[in-house]
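As a plain string of letters, each chain reads:
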Amino acid sequence: MTLYDLAFGPFAEFGFMRRALAGCLALALGCGPIGTFLVIRRMSLMGDALSHAVLPGAALGFILGGLSLPAMSLGGVGAGLVVALLSGLVTRLTPLREDASFAAFYLISLALGVLLVSTHGSNVDLLHLLFGSILAIDNAALVLIGAVASMSLLSLAVIYRPLVVECFDPGFLRAVGGRGGLVHTVFLALVVLNLVAGFQALGTLMAVGLMMLPAAAARFWVHELWMLSAASSALAFASGFLGLLLSYHLDLPSGPSIVLVAGLAYFASVLCGSRDSLRTLYLQRRQPAA
Amino acid sequence: MSGSSGGAIVLRNVTLAYDGHPAVHRLSGEFSRGSLTAIVGPNGAGKSTLMKGMVGVLRPTDGLIQPDGLGGGGIAYLPQHAEIERRFPISVIQTVLLGHWRRIGWTRRVTRELCEAAQRALAAVGLAGFERRPIGTLSAGQFQRVLFARLIVQDAALILLDEPLAAVDWRTSEDLLRLIASWHREGRTVAAVLHDLDQVRAYFPDTLLLARECVAWGPTREALMPQNLRRARDLSETWSGEGENHRSAPGPWRAGLAGYPDPLPASGEREGSA
């Protein structure tokens, strides 16, 4: 078997692999910049929380509509937005910090989601919802993922400037009347949409992996915001490509495979990235002294 | 400079609460057009809260805050350090350009004139040539100069500064005080929270001495009379047991002011209940 067969054979041969790859490309385009902002705003845990929050909604959609994409997606978006709004409300009205209130809501929704699926479906269904399946990416799913990616990039283009200022100096944005609250809400909605787009392929538990890991890894290579976004997208797509191959050749679930490849990229970046990595911090410091 | 005729703010019986605790109580008075006022007082006296009230990010629980004659420039406000993400990947010139916010908003283009105004402002704070530096590489003093350049670009009729000199070295604070004085000469209205009473006496014609309520508000020499400072300290003792961060740090100017509690917070630290 040649390298070409290993790397491109599955995609040349099978339509579902091509669709999965196209899905990964679209996901990577949306998740790159959004993950970058999550990392930069120190909201990584919030992304995690929202991804769990999507589950009961998707489960509800699954119970009402079976394995139907529109039903599960609508349910997922609804549940994600409800959790985002409720935890925002709890943060504003009580002294509880935002990360804690998000954690509370996502634990509740995760439990609720698992309960719903396990009482109304089989274990296979539950595994499918939690960890995704490349086979699930049909044309409709591909259109959904592509639409979400396009909308994310367009919306980000509109809110880019206030979002940057909201991350960098929220007090300034408040003082000049820049509507930081609105920007924050739109951004959270984009996070939810991208998580829902990702859960078909990756599952609800893994969807956030393609968002956070490449963004966290990119930080060890480049500095500027647009470079971070571009590098995150590139890393996310590369992880998708390699993860799909792994999943195909070794017969592994696609979600964990893709996320594990992204995880490997993250570890490699922590160890030998060009900025602030362990290599630059500890190996190069010794050299001038020697 | 379009905003050269200063704005005014009138306070009528204003009460402000922060996190549910009363912080400013029944304050009345006026930052009149073109005035240059220092706001001083012990920790927890409500100085920062008053600033937030005037900017409009905090609504008074009672009374009225009436801005007047602000024009298009609005209020330029420099909050305390804590809220700014210093490691954010943004360059010096981009930070200064944010001062144009009211002209560029969410999506409008940054024109060449706006860029040149930002570069002139950088030169005015002594940072010409720093345009492309990431802000993470600046010292505390340099960063404060960048924020002052952003204030210049905002071109506002009313400028509010919350502890603008808290974390900077002597030379920077002299330069920044000279900038504040130049804004005063241009006719802008300026109010600043300060801790160094020598600086207040040297540069600020008017002073508001605050201890949750107004202790004195008028010409600096009269407002900072020893009996007023003593009264501010006595008032502060009524709330200093509330458990917020009222820890003392040695103040450079305390020697001649026996009895006045040290109001210098540790640099960069936010005032807990203020």
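Owing to the predicted nature of the structure, the values given are computational and were not obtained by experimental measurement. Per chain, residue numbering runs from 1 following the sequence as it is written. Numbering of ligands from 1 and lettering of chains from A proceed in the order in which they are written. Owing to the predicted nature of the model, reporting of local features is limited to residues with pLDDT of at least 70; listing and counting of side-chain atom pairs is limited to 80 or more, with chain, interface and lining totals taken over all residues.

Enquirer: Lay out the interface of chain A and chain B in plain terms, naming residues and giving numbers.
Expert: The contact rule is simple: place each C-beta atom from the backbone, and if two of them lie within 7 Å, those residues are in contact. On the chain B side, the residues contacting the 19 residues of chain A number 16 residues. The secondary structure listing takes helices from DSSP runs of H or I that are at least 4 residues long and strands from runs of E that are at least 2 residues long, numbered from the N terminus. Elements that contribute at least two residues to the side of chain A that touches chain B include exactly α7 (139-168) and α8 (170-175) of chain A. Ranked by the residues each element gives to the side of chain A that touches chain B, the list is headed by α7(A), at seven residues. Classifying every residue of the side of chain A that touches chain B by side-chain character gives 12 nonpolar, three polar and four charged. For this classification, Asp, Glu, Lys and Arg are treated as charged, while Ala, Val, Leu, Ile, Met, Phe, Trp, Tyr, Cys and Pro are nonpolar and the rest, including Gly, are polar.

Enquirer: Could you give me a rundown of helix α4 (residues 112-124) of chain B, with the residues and numbers involved?
Expert: Residues and elements named next belong to chain B. Here a helix's expected span is defined as the number of its residues, less one, multiplied by 1.5 Å. Compared with the 18 Å implied by 1.5 Å per residue over 13 residues, the 18 Å span of α4 between its first and last C-alpha is a close match. Exposure is read from a count of other C-beta atoms within 10 Å of each residue's own; the residue is exposed at 12 or fewer, buried at 20 or more and partly exposed in between. C-beta atoms are placed from the backbone. Looking at α4, one finds that the buried residues are A118, A121 and L122. For α4, the angular spread of the buried residues around the axis is 100°, confining them to a single face. Along α4, exposed side chains directed more than 90 degrees from the buried face belong to R112, E113 and E116. Considering only its buried residues, α4 is in contact with α2 (92-97) and α5 (140-154). At the C-terminal side of α4, G126 shows a positive phi close to 80°. Directions drawn from the helix axis to the C-beta atoms are what define this arc.

Enquirer: So what's going on with the pairing of strand β3 (residues 36-40) of chain B? Residues and values would help.
Expert: Residues and elements named next belong to chain B. The buried count for β3 comes to five of five residues, which makes it a mostly enclosed element. Strands were regarded as paired on the criterion that DSSP finds at least two bridges between them. Bridge analysis of β3 against strand β7 (residues 189-193) gives four bridges, and the strand direction is parallel. Residue pairing across strands places I39 opposite V193, the latter belonging to β7. Here four bridges tie β3 to strand β8 (residues 206-211), and the two strands are oriented parallel to one another.

Enquirer: Tell me about the packing of helix α2 (residues 15-40) of chain A against helix α9 (residues 180-202) of chain A, and please be specific about residues and values.
Expert: All names here are of chain A. Note on definitions: angles span 0 to 180 degrees between N-to-C directions of axes, and those axes are lines fitted to C-alpha atoms, for helices only across the stretch in contact. With their axes 10 Å apart at the nearest point, α2 and α9 run at an angle of 150° to one another. Comparing the axis directions of α2 and α9 gives the class roughly antiparallel. Helix-helix and strand crossings are classified by hand; for α2 and α9 the assignment is left-handed. Residues A20, G23, C24, L27, G30, C31, I34, F37 and L38 of α2 touch α9, and the partners they reach there are F187, L190, V191, N194, A197, G198 and A201. Grouping the amino acids of the contact of α2 with α9 by side-chain chemistry returns 12 nonpolar, four polar and no charged. For this classification, under 35 degrees means roughly parallel, over 145 means roughly antiparallel, 65 to 115 means roughly perpendicular, and everything else is oblique. The crossing is said to be left-handed when, going from far helix to near helix, the turn is anticlockwise and less than a right angle, and right-handed when the turn is clockwise.

None of the figures reported here should be taken as evidence of function without further support.
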